[in-house]
Amino acid sequence: MELSNNTILITGGSSGFGLEFAARLIDLGNTVIITGRDQAKLEKTKKQLPSVHIFQSDVSDPKAIVELRDMITSRFPNLNILINNAGQMRKIILHDVTIAVSDITREVETNLMGPIRMVQAFLPHLKKMESAAILNVTSGLALVPFPIAPIYGATKSGLRSYTKSLRVQMKNTKIKVFELVAPAAETPLNGQFTSLEGYSVKLMKAEDVIDAAIKGLKNDTYEIYPGIARLLRMMSRVAPGFIFKQLSKAGAREME
Ligand SMILES: NC(=O)c1ccc[n+]([C@@H]2O[C@H](COP(=O)([O-])OP(=O)(O)OC[C@H]3O[C@@H](n4cnc5c(N)ncnc54)[C@H](OP(=O)(O)O)[C@@H]3O)[C@@H](O)[C@H]2O)c1
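These numbers were taken from a predicted model, which means no experiment stands behind them. (Residues numbered from 1 in each chain as written. Predicted model: local features only at pLDDT ≥ 70, side-chain atom pairs only at ≥ 80, totals over all residues. Heavy atoms only, no water.)

Engineer: What is the right way to read the pairing of strand β2 (residues 31–36) from this model?
Structural biologist: In the case of a regular strand, side chains alternate between the two sheet surfaces. Among the 6 residues that make up β2, 5 are buried, leaving the element largely enclosed by the rest of the structure. Sheet analysis places strand β1 (residues 7–10) next to β2, joined by 4 bridges and oriented parallel. Note on β2: the bridge partner recorded for I8 is V32. You can see the chain leave β1, run along helix α1 (residues 16–27) and come back into β2, and the turn it takes is right-handed. (Buried < 20%, exposed > 50% of the residue type's maximum accessible area, 1.4 Å probe, protein only. Helix = DSSP H or I, 4+ residues; strand = E, 2+ residues; numbered from the N terminus. Pairing = 2+ DSSP bridges. Right-handed = clockwise from strand over helix to strand, strands pointing away.)

Engineer: Honestly, the sheet that holds β1 in this entry has me stumped. Any pointers?
Structural biologist: Pairing between sheet strands relies on hydrogen bonds along the backbone, with the strands arranged either parallel or antiparallel. Pairing is parallel in the open sheet, where 7 strands are placed in the order β3-β2-β1-β4-β5-β6-β7. The open sheet is flanked by β3 (53–56) and β7 (223–224), the only strands paired with a single partner. Taken together, the 4 bridges between strand β4 (residues 79–84) and strand β5 (residues 132–139) define a ladder with parallel strand orientation. Bridge assignment links I81 to a residue of β5, and that residue is A133. Packing against the sheet, helix α4 (residues 106–127) makes contact with β1, β4, β5 and β6 (175–182), and its axis sits at approximately 170° to β4. (Contact = heavy atoms within 4.5 Å. Axes fitted to C-alpha atoms, helices over the stretch in contact; angles between N-to-C directions.)

Engineer: So what exactly am I meant to see when it comes to α4 here?
Structural biologist: Each full turn of the α-helix corresponds to 3.6 residues, which orients residues three or four apart in the same direction. Taking 1.5 Å per residue, 22 residues should reach 32 Å; α4 reaches 30 Å between its end C-alpha atoms and fits that length. Along its length, α4 reaches its greatest deviation from straightness, about 40°, at M113, and the proline P115 lies no more than four positions downstream. (Expected span 1.5 Å × (residues − 1). Bend = angle between axes of the 7 residues up to and from the residue.)

Engineer: Teacher, can you tell me more about the pattern of salt bridges here?
Structural biologist: Pairing between side chains of opposite charge can happen when the charged atoms of each approach one another. In total, this model carries 15 salt bridges according to the counting rule given. Between R69 and D70 there is a salt bridge, with the nearest N and O atoms lying 2.7 Å from each other. K174 is the partner of E130 in a salt bridge, and the nearest nitrogen-oxygen pair spans 3.6 Å. Highlighted residues: E130 in the loop between α4 and β5 and K174 in the loop between α5 (150–169) and β6, separated in sequence by 44 residues. The class of E130 is exposed, set by a relative accessible area of 65%. Via salt bridges that share partners, R160, K164, R167, E179 and E223 belong to a single interconnected network. (Salt bridge = Lys/Arg side-chain N within 4 Å of Asp/Glu carboxyl O.)

Okay, structure coming up:
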(Lines give C-alpha, C1' and ligand atoms only; values in the text may rest on other atoms or scores of the structure.)
Protein backbone atom coordinates (compact mmCIF):
# COMPACT_ATOMS: atom_id res chain seq x y z
CA MET A 1 0.00 0.00 0.00
CA GLU A 2 1.01 3.62 -0.42
CA LEU A 3 2.83 4.71 2.75
CA SER A 4 2.67 8.49 2.48
CA ASN A 5 -0.15 10.99 3.05
CA ASN A 6 -1.98 8.65 5.39
CA THR A 7 -3.36 9.46 8.83
CA ILE A 8 -2.15 6.75 11.19
CA LEU A 9 -3.12 5.90 14.77
CA ILE A 10 -0.55 3.87 16.72
CA THR A 11 -1.45 2.53 20.16
CA GLY A 12 1.52 2.50 22.54
CA GLY A 13 3.66 4.93 20.57
CA SER A 14 5.81 6.27 23.38
CA SER A 15 8.53 3.62 23.37
CA GLY A 16 9.96 0.60 21.55
CA PHE A 17 8.31 -0.44 18.27
CA GLY A 18 5.55 2.16 18.53
CA LEU A 19 8.03 5.03 18.82
CA GLU A 20 10.10 3.64 15.95
CA PHE A 21 6.96 3.26 13.82
CA ALA A 22 5.93 6.84 14.60
CA ALA A 23 9.34 8.28 13.63
CA ARG A 24 9.53 6.30 10.37
CA LEU A 25 5.96 7.00 9.32
CA ILE A 26 6.35 10.75 9.99
CA ASP A 27 9.51 10.74 7.83
CA LEU A 28 7.49 9.11 5.06
CA GLY A 29 5.04 12.05 5.07
CA ASN A 30 2.17 10.73 7.18
CA THR A 31 0.14 12.34 9.96
CA VAL A 32 0.80 10.22 13.04
CA ILE A 33 -1.18 10.00 16.27
CA ILE A 34 0.07 7.95 19.20
CA THR A 35 -1.44 6.80 22.46
CA GLY A 36 -0.13 5.47 25.78
CA ARG A 37 -1.11 5.53 29.45
CA ASP A 38 1.72 7.64 30.79
CA GLN A 39 1.31 11.33 29.89
CA ALA A 40 4.94 12.15 30.78
CA LYS A 41 6.21 9.52 28.31
CA LEU A 42 3.89 10.89 25.63
CA GLU A 43 5.17 14.44 26.22
CA LYS A 44 8.75 13.24 26.02
CA THR A 45 7.93 11.64 22.66
CA LYS A 46 6.33 14.89 21.49
CA LYS A 47 9.64 16.67 22.23
CA GLN A 48 11.47 14.06 20.16
CA LEU A 49 8.91 14.10 17.31
CA PRO A 50 7.30 17.58 17.35
CA SER A 51 4.76 16.78 14.63
CA VAL A 52 3.35 13.71 16.37
CA HIS A 53 -0.11 14.03 17.97
CA ILE A 54 -0.37 12.52 21.45
CA PHE A 55 -3.39 11.19 23.35
CA GLN A 56 -3.41 9.52 26.72
CA SER A 57 -5.58 6.43 26.40
CA ASP A 58 -5.54 2.99 27.98
CA VAL A 59 -6.31 0.26 25.47
CA SER A 60 -7.48 -2.09 28.25
CA ASP A 61 -10.34 0.28 29.10
CA PRO A 62 -13.36 -0.14 26.77
CA LYS A 63 -14.79 3.27 27.73
CA ALA A 64 -11.48 4.98 26.91
CA ILE A 65 -11.50 3.31 23.48
CA VAL A 66 -14.92 4.70 22.61
CA GLU A 67 -13.86 8.19 23.80
CA LEU A 68 -10.65 7.93 21.76
CA ARG A 69 -12.59 6.84 18.67
CA ASP A 70 -15.05 9.76 18.98
CA MET A 71 -12.28 12.30 19.49
CA ILE A 72 -9.92 11.00 16.80
CA THR A 73 -12.53 10.53 14.10
CA SER A 74 -13.81 14.08 14.62
CA ARG A 75 -10.35 15.71 14.82
CA PHE A 76 -8.73 13.50 12.18
CA PRO A 77 -11.49 12.55 9.72
CA ASN A 78 -8.87 11.22 7.27
CA LEU A 79 -7.68 8.54 9.70
CA ASN A 80 -7.13 5.48 7.52
CA ILE A 81 -4.55 3.26 9.24
CA LEU A 82 -4.76 1.69 12.69
CA ILE A 83 -1.68 0.05 14.22
CA ASN A 84 -2.54 -2.05 17.27
CA ASN A 85 0.89 -2.06 18.90
CA ALA A 86 0.36 -1.44 22.65
CA GLY A 87 1.30 -4.50 24.63
CA GLN A 88 2.70 -5.83 27.87
CA MET A 89 4.68 -8.96 28.65
CA ARG A 90 5.08 -10.22 32.18
CA LYS A 91 7.14 -12.94 33.73
CA ILE A 92 4.56 -14.95 35.70
CA ILE A 93 5.22 -17.92 37.95
CA LEU A 94 1.91 -19.74 38.10
CA HIS A 95 2.82 -21.34 41.46
CA ASP A 96 2.85 -17.88 43.02
CA VAL A 97 -0.26 -17.71 45.21
CA THR A 98 0.18 -13.96 45.77
CA ILE A 99 -0.94 -13.20 42.20
CA ALA A 100 -4.52 -12.01 42.43
CA VAL A 101 -7.10 -13.78 40.27
CA SER A 102 -8.15 -10.37 39.03
CA ASP A 103 -4.57 -9.49 38.01
CA ILE A 104 -3.52 -12.67 36.22
CA THR A 105 -5.41 -11.69 33.04
CA ARG A 106 -4.07 -8.13 32.78
CA GLU A 107 -2.22 -8.89 29.54
CA VAL A 108 -5.38 -10.36 28.03
CA GLU A 109 -7.13 -7.01 28.51
CA THR A 110 -4.29 -5.07 26.86
CA ASN A 111 -2.86 -7.42 24.23
CA LEU A 112 -5.97 -9.24 23.06
CA MET A 113 -9.17 -7.54 24.11
CA GLY A 114 -7.60 -4.11 23.46
CA PRO A 115 -6.93 -4.66 19.72
CA ILE A 116 -10.26 -6.48 19.22
CA ARG A 117 -12.14 -3.57 20.80
CA MET A 118 -10.06 -0.98 18.88
CA VAL A 119 -10.91 -2.67 15.58
CA GLN A 120 -14.59 -2.88 16.46
CA ALA A 121 -14.64 0.80 17.43
CA PHE A 122 -12.79 2.09 14.35
CA LEU A 123 -14.14 -0.30 11.70
CA PRO A 124 -17.17 1.77 10.59
CA HIS A 125 -14.87 4.78 10.08
CA LEU A 126 -12.11 2.83 8.28
CA LYS A 127 -14.67 1.27 5.93
CA LYS A 128 -15.52 4.74 4.59
CA MET A 129 -11.91 5.42 3.54
CA GLU A 130 -10.66 5.05 -0.03
CA SER A 131 -7.68 3.08 1.21
CA ALA A 132 -7.30 1.69 4.72
CA ALA A 133 -5.32 -0.78 6.79
CA ILE A 134 -5.14 -2.41 10.19
CA LEU A 135 -1.83 -3.79 11.42
CA ASN A 136 -1.83 -5.98 14.53
CA VAL A 137 1.50 -6.56 16.26
CA THR A 138 1.72 -10.19 17.37
CA SER A 139 4.93 -12.04 18.21
CA GLY A 140 7.08 -15.04 17.42
CA LEU A 141 5.66 -16.23 20.75
CA ALA A 142 2.30 -16.58 19.01
CA LEU A 143 3.92 -19.52 17.18
CA VAL A 144 5.61 -21.23 20.14
CA PRO A 145 4.79 -20.69 23.84
CA PHE A 146 7.37 -19.11 26.16
CA PRO A 147 6.49 -20.76 29.51
CA ILE A 148 7.98 -18.03 31.73
CA ALA A 149 5.45 -15.58 30.21
CA PRO A 150 2.43 -17.90 29.98
CA ILE A 151 -0.34 -15.32 29.62
CA TYR A 152 1.58 -13.28 27.03
CA GLY A 153 1.95 -16.19 24.60
CA ALA A 154 -1.73 -17.00 24.96
CA THR A 155 -2.70 -13.42 24.10
CA LYS A 156 -0.46 -13.29 21.02
CA SER A 157 -1.71 -16.66 19.71
CA GLY A 158 -5.22 -15.38 20.22
CA LEU A 159 -4.48 -12.11 18.44
CA ARG A 160 -2.91 -14.00 15.53
CA SER A 161 -5.99 -16.19 15.18
CA TYR A 162 -8.30 -13.17 15.35
CA THR A 163 -6.20 -11.29 12.77
CA LYS A 164 -6.48 -14.14 10.26
CA SER A 165 -10.27 -14.20 10.69
CA LEU A 166 -10.48 -10.41 10.43
CA ARG A 167 -8.56 -10.54 7.12
CA VAL A 168 -11.08 -13.01 5.69
CA GLN A 169 -14.05 -10.96 6.87
CA MET A 170 -12.58 -7.75 5.38
CA LYS A 171 -11.83 -9.25 1.98
CA ASN A 172 -14.65 -7.39 0.21
CA THR A 173 -13.77 -4.06 1.81
CA LYS A 174 -10.90 -1.65 1.14
CA ILE A 175 -9.31 -2.49 4.49
CA LYS A 176 -6.07 -4.44 4.25
CA VAL A 177 -5.26 -6.50 7.35
CA PHE A 178 -1.61 -6.99 8.30
CA GLU A 179 0.11 -8.95 11.05
CA LEU A 180 3.60 -8.07 12.23
CA VAL A 181 4.97 -11.26 13.79
CA ALA A 182 7.69 -9.48 15.72
CA PRO A 183 10.82 -11.24 16.95
CA ALA A 184 12.52 -10.52 20.29
CA ALA A 185 13.99 -7.03 20.05
CA GLU A 186 15.85 -4.41 22.07
CA THR A 187 12.94 -2.56 23.69
CA PRO A 188 12.01 -1.87 27.34
CA LEU A 189 9.51 -4.76 27.21
CA ASN A 190 12.35 -7.29 27.19
CA GLY A 191 14.24 -5.87 30.18
CA GLN A 192 12.98 -8.41 32.72
CA PHE A 193 13.78 -11.42 30.49
CA THR A 194 17.30 -10.96 29.18
CA SER A 195 18.89 -11.59 32.60
CA LEU A 196 16.99 -14.86 33.13
CA GLU A 197 19.03 -18.00 33.56
CA GLY A 198 18.72 -20.05 30.36
CA TYR A 199 17.61 -17.11 28.20
CA SER A 200 19.54 -17.39 24.96
CA VAL A 201 17.48 -15.40 22.47
CA LYS A 202 19.36 -12.93 20.30
CA LEU A 203 17.59 -9.55 20.27
CA MET A 204 17.04 -7.69 17.02
CA LYS A 205 17.27 -3.89 16.84
CA ALA A 206 13.82 -2.28 17.02
CA GLU A 207 14.61 -0.16 13.95
CA ASP A 208 15.37 -3.29 11.89
CA VAL A 209 12.04 -4.83 12.91
CA ILE A 210 10.22 -1.68 11.89
CA ASP A 211 12.19 -1.48 8.62
CA ALA A 212 10.84 -4.92 7.76
CA ALA A 213 7.34 -3.87 8.82
CA ILE A 214 7.43 -0.78 6.57
CA LYS A 215 8.65 -2.88 3.67
CA GLY A 216 5.88 -5.41 4.33
CA LEU A 217 3.20 -2.71 4.39
CA LYS A 218 4.51 -1.18 1.15
CA ASN A 219 4.56 -4.58 -0.59
CA ASP A 220 1.18 -5.76 0.74
CA THR A 221 2.82 -8.65 2.57
CA TYR A 222 -0.01 -9.44 4.94
CA GLU A 223 2.01 -11.57 7.35
CA ILE A 224 5.38 -9.95 8.09
CA TYR A 225 8.13 -12.07 9.72
CA PRO A 226 11.24 -9.96 10.40
CA GLY A 227 14.59 -11.62 11.10
CA ILE A 228 14.47 -14.55 13.48
CA ALA A 229 10.63 -14.64 13.39
CA ARG A 230 10.90 -16.27 9.95
CA LEU A 231 13.25 -18.92 11.33
CA LEU A 232 10.94 -19.45 14.31
CA ARG A 233 8.03 -19.96 11.91
CA MET A 234 9.97 -22.57 9.97
CA MET A 235 11.25 -24.30 13.12
CA SER A 236 7.78 -24.31 14.71
CA ARG A 237 6.64 -26.34 11.70
CA VAL A 238 9.54 -28.73 11.20
CA ALA A 239 10.70 -29.16 14.81
CA PRO A 240 8.05 -27.75 17.19
CA GLY A 241 9.23 -29.87 20.13
CA PHE A 242 12.83 -28.72 19.82
CA ILE A 243 12.06 -25.01 19.74
CA PHE A 244 9.57 -25.29 22.62
CA LYS A 245 12.20 -27.10 24.69
CA GLN A 246 14.69 -24.28 24.04
CA LEU A 247 12.20 -21.60 25.08
CA SER A 248 11.28 -23.61 28.19
CA LYS A 249 14.87 -23.25 29.45
CA ALA A 250 14.47 -19.55 30.31
CA GLY A 251 13.85 -19.31 34.06
CA ALA A 252 13.34 -23.10 34.26
CA ARG A 253 14.37 -23.35 37.92
CA GLU A 254 12.04 -20.54 38.98
CA MET A 255 9.10 -22.30 37.33
CA GLU A 256 9.49 -25.54 39.29
N1 LIG B 1 10.11 -6.16 22.11
C2 LIG B 1 9.92 -7.40 21.74
O3 LIG B 1 10.82 -8.25 21.84
C4 LIG B 1 8.61 -7.81 21.12
C5 LIG B 1 8.55 -9.01 20.41
C6 LIG B 1 7.37 -9.38 19.83
C7 LIG B 1 6.25 -8.58 19.95
N8 LIG B 1 6.32 -7.42 20.65
C9 LIG B 1 5.11 -6.61 20.74
O10 LIG B 1 5.38 -5.32 20.23
C11 LIG B 1 4.49 -4.38 20.82
C12 LIG B 1 5.29 -3.21 21.34
O13 LIG B 1 6.17 -3.68 22.34
P14 LIG B 1 7.55 -2.97 22.71
O15 LIG B 1 8.56 -4.04 22.79
O16 LIG B 1 7.77 -1.81 21.82
O17 LIG B 1 7.22 -2.54 24.21
P18 LIG B 1 7.49 -1.20 25.04
O19 LIG B 1 8.75 -0.57 24.62
O20 LIG B 1 7.28 -1.59 26.45
O21 LIG B 1 6.30 -0.24 24.56
C22 LIG B 1 4.97 -0.51 24.85
C23 LIG B 1 4.14 0.71 24.53
O24 LIG B 1 2.77 0.36 24.77
C25 LIG B 1 2.22 1.30 25.70
N26 LIG B 1 1.21 0.60 26.49
C27 LIG B 1 1.38 -0.46 27.32
N28 LIG B 1 0.19 -0.83 27.84
C29 LIG B 1 -0.73 0.02 27.33
C30 LIG B 1 -2.12 0.17 27.48
N31 LIG B 1 -2.83 -0.64 28.29
N32 LIG B 1 -2.76 1.14 26.79
C33 LIG B 1 -2.07 1.95 25.97
N34 LIG B 1 -0.75 1.87 25.78
C35 LIG B 1 -0.09 0.92 26.46
C36 LIG B 1 3.42 1.82 26.50
O37 LIG B 1 3.21 3.10 27.08
P38 LIG B 1 2.58 3.27 28.56
O39 LIG B 1 3.36 2.36 29.45
O40 LIG B 1 2.76 4.71 28.88
O41 LIG B 1 1.15 2.90 28.46
C42 LIG B 1 4.46 1.91 25.39
O43 LIG B 1 4.27 3.08 24.64
C44 LIG B 1 3.75 -5.15 21.92
O45 LIG B 1 2.48 -5.54 21.45
C46 LIG B 1 4.61 -6.36 22.15
O47 LIG B 1 3.89 -7.44 22.65
C48 LIG B 1 7.48 -7.01 21.24
